[in-house]
Amino acid sequence: MSTNHSAAQPSVLIAGGGIGGNAVALQLLRAGIRTTVVERAAAPRPGGQAVDLRGPSREVAERMGLMPGIRKYQLDERGMKFVDAEGRDIVRMPTEMFEGKGAVAEIELSRGDLNQVLLDALAEAGGVDYRYGEWISEIQQDETGVDVTFAGGSTQRFDLVIGADGLHSGTRHMVFGPEEQFSTYLGGYMSFFTLPSPDGVEDNWLAMHSLVGATSIGLRPDADPATSKALIIMRSAADPALRREISAQQDMIRRRLAGGGWESAAIVAAMPGATDFYFDELARIDMPNWSKRRVVLLGDAAYCGSPLTGQGTAMALIGAYVLAGEIAAHASDPEPALARYEEVLRPFIAKAQSLPPGGLRAMTPKSRFGIRAGQTVSKLMASKAMKPLMMKMLSKTESYELPDYAVQTVSQ
Ligand SMILES: Cc1cc2nc3c(=O)[nH]c(=O)nc-3n(C[C@H](O)[C@H](O)[C@H](O)COP(=O)(O)OP(=O)(O)OC[C@H]3O[C@@H](n4cnc5c(N)ncnc54)[C@H](O)[C@@H]3O)c2cc1C
């Protein structure tokens, strides 16, 4: 499909250039719909752990023609293992054990690389009006459009605004209400960053280790084995000081990892130098409606489930595919498009937002006894007898039937 702007097509503003924002911009562009993307960061945000594509999210990536780009960055991950304080294996779960549907799926790539694949596809499809270092400071809507004032001072009127600006969405705050109305704190924090691979790291395996004190750490080698991604999960009461202060966030990690064994010391030593340090609370967003007249939310802004679900990217990608498909199908009137977006997507989101059994508690045991019990459960999970039950749990979103839309890939 070639890009074909026409006067009858709506003008759309997208707040947030993450996976959701870039994916919806791409699909709208292919439908001939003009978009402007404002991304608060000064440049594409690097980093993030490996994200996986399976079932319907893989199908969407295929329909969007993203697979050649994804293959370029795909990680060669062989599986996940749990290690003790000396780095000895406790249990190994190769990717094929759960037929590519386990914690390490058949297709894994880093979140930053997936975002780059989307940006490359956008450039190839003709590009959009992309503004880094910009965000919405005010929104007013009426029957026929949305007036937006940007932080940089300019104003512009759009037919539709899509808030794809993440868990702490400013669009949601301005149009729907304060974050506390929709957010449930899930009891902890998570951090990710890149570090030089410590000597003992096994290539191509995600390794996890639990420390006494409700903290778990992990290392995942990058495509270039010289670097790895650190992953830190901490169960804790909510602390407002951790919202924005990097020094408080890193102090918490230092305290939790002190004397923690395995690669704790290497992770702490590399942390201050990391250029992609990411830290956020684990929270879930539930909203009674994802749109208000001409403003609609997408991805974490509307239905965050937290990284604990392993479904954040899938929800953003599938949400973008459905939203763009519905907007293109009802180009002259956004209201039915936004109603259909909810109707079609809600069944998938309801399953994708659910946490794995035991939730954060099971991932972050507190005591030595709890850690040993967790290890026993992991061994059980890896046993043949448990495979049918595990496969059922891991396939929770697989039965979702993707709708067909006229707008798909550049070549169709
Ligand atoms: C740097 C980074 C690393 C991540 N790493 C992981 C990970 O390792 N594992 C995991 O499970 N999830 C991770 N996530 C979250 C994951 O990307 C999302 O859960 C999922 O992809 C849904 O994407 P989204 O587009 O809805 O939100 P996000 O990926 O959060 O993207 C939102 C985008 O909006 C931008 N933004 C925020 N506020 C504004 C504003 N007011 N105006 C304009 N732009 C704004 C942000 O800079 C960001 O680029 C990460 C997110 C980021 C931003």
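Each value, and the rule that gives it
Residues numbered from 1 in each chain as written. Predicted model: local features only at pLDDT ≥ 70, side-chain atom pairs only at ≥ 80, totals over all residues. Heavy atoms only, no water. Helix = DSSP H or I, 4+ residues; strand = E, 2+ residues; numbered from the N terminus. Expected span 1.5 Å × (residues − 1). Buried < 20%, exposed > 50% of the residue type's maximum accessible area, 1.4 Å probe, protein only. Polar contact = N/O pair within 3.5 Å; in protein donor to acceptor, adjacent residues only side chain to side chain. Contact = heavy atoms within 4.5 Å. Pairing = 2+ DSSP bridges. Axes fitted to C-alpha atoms, helices over the stretch in contact; angles between N-to-C directions. Near = heavy atom within 4 Å. Areas by Shrake-Rupley, 256 points an atom, 1.4 Å probe, with all protein chains shown as cover. pLDDT = per-residue confidence, 0-100. Core = buried A, V, L, I, M, F, W, Y, C linked by side-chain atoms within 4.5 Å. Phe/Tyr/Trp six-rings, centres within 6.5 Å; stacked < 30°, edge-to-face > 60°. Salt bridge = Lys/Arg side-chain N within 4 Å of Asp/Glu carboxyl O. Lys, Arg positive; Asp, Glu negative; His and termini not counted.

A. Structural context of helix α6 (residues 246–257). In a regular helix each residue adds 1.5 Å, so 12 residues correspond to 16 Å; α6 covers 16 Å between its end C-alpha atoms and thus fits that length. Taken together, the buried positions of α6 are occupied by Ala248, Gln249, Gln250, Met252, Ile253 and Leu257. After α6 finishes, the residue glycine 259 shows a positive phi value of roughly 65°.

B. View of the side chain of glutamate 281. With respect to the helices and strands, the residue glutamate 281 is situated in strand β16 (residues 278–285). Among the polar contacts listed, one links the side chain of glutamate 281 to the side chain of arginine 243, at a separation of 3.3 Å. Every residue in contact with glutamate 281, bar those within four places of it in the chain, is listed here: Leu167, His168, Glu179, Ser183, Tyr185, Gly188, Tyr189 and Arg243.

C. Representation of the sheet that holds strand β5 (residues 89–94). Within the open sheet, the seven strands sit side by side as β5-β4-β13-β14-β15-β12-β16. Their pairing is mixed. Strands at the two margins of the open sheet, each flanked by one partner only, are β5 and β16. This sheet shows a mean twist of 20° between the axes of neighbouring strands, independent of strand direction. The strands touched by α6 are β12 (183–196), β13 (205–211), β14 (215–221), β15 (227–235) and β16; relative to β15, the strand with the most contacts, the crossing angle is about 85°. Against the sheet, helix α12 (residues 368–381) engages β4 (79–83), β5 and β13, with an angle of about 35° to β5.

D. Quick look at the sheet that holds strand β9 (residues 146–150). If you trace the three strands from one edge of the open sheet to the other, you get β8-β9-β10, paired in antiparallel fashion. At either margin of the open sheet sits one strand with a lone partner, and together these are β8 (136–141) and β10 (155–158). Across the sheet, the mean angle from the axis of one strand to that of its neighbour is 20°, orientation sign disregarded. As paired strands, β8 and β9 are joined by five bridges and run antiparallel to one another. What sits directly across from glutamine 140, in β9, is aspartate 147.

E. Fine view of the site of the ligand. Gly20, Glu39, Gln49, Arg111 and Asp300 are the nearest of the 26 residues found near the ligand. At 3.0 Å, a side-chain N or O of arginine 45 approaches an oxygen atom of the ligand. Between the ligand and the protein, one listed contact pairs an oxygen atom with a backbone N or O atom of glutamine 49 at 2.5 Å. Protein contacts shield 90% of the accessible area of the ligand, which totals 910 Å² for the unbound molecule.

F. Broad picture of the confidence of the model for the protein chain. When pLDDT is averaged along the protein chain, the result is 90; 92% of the residues meet or exceed 70. Every residue in residues 1–6 is under pLDDT 50, and counting partners more than four places away or in other chains gives 17 contacts.

G. Layout of the nonpolar core. Core analysis: the biggest nonpolar cluster contains 80 residues, and Ile70, Ile162 and Leu345 have the highest contact counts within it. Apart from residues lying up to four places away in sequence, leucine 345 is in contact with Trp290, Tyr303, Ile318, Gly319, Val322 and Tyr400. Of all hydrophobic cores here, the second largest spans 25 residues; its members include Phe193, Leu211, Ile217 and Val268.

H. Structural detail: the packing of aromatic side chains. Summed over all chains, the structure comprises 11 aromatic pairs. With centroids separated by 5.4 Å and ring planes inclined at 25°, the aromatic side chains of tyrosine 189 and phenylalanine 279 adopt a geometry described as stacked. In this pair, tyrosine 189 is assigned in strand β12 and phenylalanine 279 in strand β16, connecting sequence segments 90 residues apart. The exposure classification of tyrosine 189 matches that of phenylalanine 279, with both residues buried. Centroid distance tryptophan 290 to tyrosine 341: 5.5 Å. Interplanar angle 55°. Geometry classified as tilted.

I. Representation of the pattern of salt bridges. The full count for this structure, using the stated rule, is 26 salt bridges. Across the salt bridge formed by arginine 54 and aspartate 52, the nearest N and O atoms sit 2.6 Å from each other. Residue classification places arginine 54 among the buried residues on the basis of a relative accessible area of 14%. In this structure, aspartate 89 and lysine 81 form a salt bridge, with 3.3 Å as the shortest nitrogen-oxygen distance. Residue classification places aspartate 89 among the partly exposed residues on the basis of a relative accessible area of 37%. By sharing partners, the salt bridges in this structure join Lys81, Asp89, Arg92 and Glu202 into a single network.

J. Focus on unusual backbone geometry. Not every positive phi belongs to a glycine, and tryptophan 262 is a case in point at roughly 45°. Looking at the element boundaries, tryptophan 262 is found in the loop between α6 and α7 (264–270). With relative accessibility at 18%, the residue tryptophan 262 sits in the buried group. The backbone phi angle of arginine 293 is positive, close to 50°, even though this residue is not glycine. Here arginine 293 lies in the loop between β17 (291–292) and β18 (295–297). Owing to a relative accessible area of 37%, arginine 293 belongs among the partly exposed residues under this scheme.

K. View of the environment of isoleucine 136. Along the chain, the position of isoleucine 136 falls in strand β8. The class for isoleucine 136 is buried, based on a relative accessible area of 8%. With 104 residues separating them in the primary sequence, isoleucine 136 and proline 240 have C-alpha atoms 24 Å apart.

L. Up close: the environment of alanine 238. You can see alanine 238 is positioned in the loop between β15 and α6. Taking the C-alpha atoms as reference points, alanine 238 and alanine 350, separated by 112 residues in sequence, lie 25 Å from one another.

M. Broad picture of the side chain of aspartate 276. Mapped onto the fold, aspartate 276 is located in the loop between α7 and β16. Here aspartate 276 sits buried without a salt bridge, and the closest side chain of opposite charge, lysine 229, lies 4.7 Å off (N-O distance). There is a polar contact of 2.5 Å between the side chain of aspartate 276 and the side chain of threonine 194.

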